[in-house]
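# Observations on chain architecture
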Amino acid sequence: MTTTSPLQNGTATLGQRPIALVAWRATEAILRHSQATLARIDVTQPQWWALNNIVRAEDGLTRDEIRAVAVPYDMGAEVMVHAVDALVHRGWLGIGADGRLTCTQEGHEGLATAKEHMDRVRAEILGDITEEEYAAAVSVLQRIADNLARTAATSTVAS
């Protein structure tokens, strides 16, 4: 006689579902949706990140500073440099005599359009989820990451 577990037949309660699987599926869905939305306005996610980082810096950023920006999803620093190159070519970023990258008027306009799209993405992601529920979910996932980072650090020291 073969039996199936609740996880195999899809009837698992939320508390029984592997958090890594649920988090991974959510991550994939969020990335697909965000990237598709940005693609409709001919912007990549790394370009979105580059623009936001450059605009937040009072005097812009150098290529070395862009390389140092923490890039999620294991994309590597070079992806930001390629994004910057595309934005310079497009006329959204200018390069000063000091090598600092700054947003042009076209870049500010493009960033504003991208922000409108990404604000809509956030609203679509949230749907009927309250800000409190969202904050709780993010908090729990951050605590899990922190717990595992501590465990990894302890394991490395103990080895």
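Residues numbered from 1 in each chain as written. Predicted model: local features only at pLDDT ≥ 70, side-chain atom pairs only at ≥ 80, totals over all residues. Heavy atoms only, no water.

## Section: the nonpolar core
Looking at soluble globular proteins, one finds that nonpolar side chains tend to be buried together. Core analysis: the largest hydrophobic core is formed by 26 residues, its most contacted members being W48, I66 and M80. Elements that contribute at least two residues to this core include exactly α2 (45–56), α4 (78–90), β2 (101–103) and α5 (105–126). With sequence-adjacent residues up to four places away left out, W48 is seen in contact with L38, V43, L111, A114, K115 and M118. (Core = buried A, V, L, I, M, F, W, Y, C linked by side-chain atoms within 4.5 Å. Buried < 20%, exposed > 50% of the residue type's maximum accessible area, 1.4 Å probe, protein only. Helix = DSSP H or I, 4+ residues; strand = E, 2+ residues; numbered from the N terminus. Contact = heavy atoms within 4.5 Å.)

## Quick look at the packing of aromatic side chains
Considering all chains together, one arrives at zero aromatic pairs under this definition. It is R90 that lies over the ring of W92; its NZ or CZ is 4.0 Å from the centre. The ring of Y134 has R122 sitting right over it, with the charged end atom 4.7 Å from the ring centre. (Phe/Tyr/Trp six-rings, centres within 6.5 Å; stacked < 30°, edge-to-face > 60°. Lys NZ or Arg CZ within 6 Å of the ring centre and 35° of its normal.)

## Concerning α5
Here α5 is 22 residues long and its end C-alpha atoms lie 31 Å apart, about the 32 Å a rise of 1.5 Å per residue gives. Among the residues of α5, G107, G110, L111, A114, H117, M118, V121 and L126 are the ones counted as buried. After α5 finishes, the residue G127 shows a positive phi value of roughly 50 degrees. (Expected span 1.5 Å × (residues − 1).)

## With respect to a nonpolar patch on the surface
Nonpolar side chains collect at one region of the surface, where I19, V140 and L141 lie side by side and expose about 240 Å² of accessible area between them. Structurally, the position occupied by V140 is in helix α6 (residues 131–158). (Patch = residues over 30% accessible without salt bridge, like charges linked within 9 Å, V, L, I, M, F, W, Y side chains within 5 Å. Areas by Shrake-Rupley, 256 points an atom, 1.4 Å probe, with all protein chains shown as cover. Salt bridge = Lys/Arg side-chain N within 4 Å of Asp/Glu carboxyl O.)

## Considering the pattern of salt bridges
In the structure shown here, the tally under the stated rule is seven salt bridges. When the shortest N-O distance is used, the salt bridge between E78 and R67 registers 3.2 Å. Separated by 11 residues along the polypeptide, E78 in helix α4 and R67 in helix α3 (residues 63–67) bring together distant segments of the chain. Its relative accessible area of 40% is what places E78 among the partly exposed residues. We note a salt bridge from D119 to K115, for which the minimum N-O separation is 3.1 Å. Of the two residues, D119 and K115 both sit in helix α5, four residues apart, roughly one turn of that helix. Using a relative accessible area of 42% as the deciding quantity, one classes D119 as partly exposed. Among the residues examined, K115 registers a relative accessible area of 44% and is labelled partly exposed. Among the ionic contacts, a cluster of salt bridges with common partners joins D64, R67 and E78.

## A closer look at α2
Between its terminal C-alpha atoms α2 stretches 17 Å, which fits the 16 Å expected from 12 residues at 1.5 Å a residue. Counted residue by residue, α2 has nine buried out of 12 residues, so it is predominantly covered. For α2, the complete set of buried residues consists of Q45, P46, Q47, W48, W49, A50, L51, N52 and I54. Where α2 is buried, its residues contact α1 (19–39), α3, α4, β1 (93–95), β2 and α5.

Geometric values such as these leave the question of function open.
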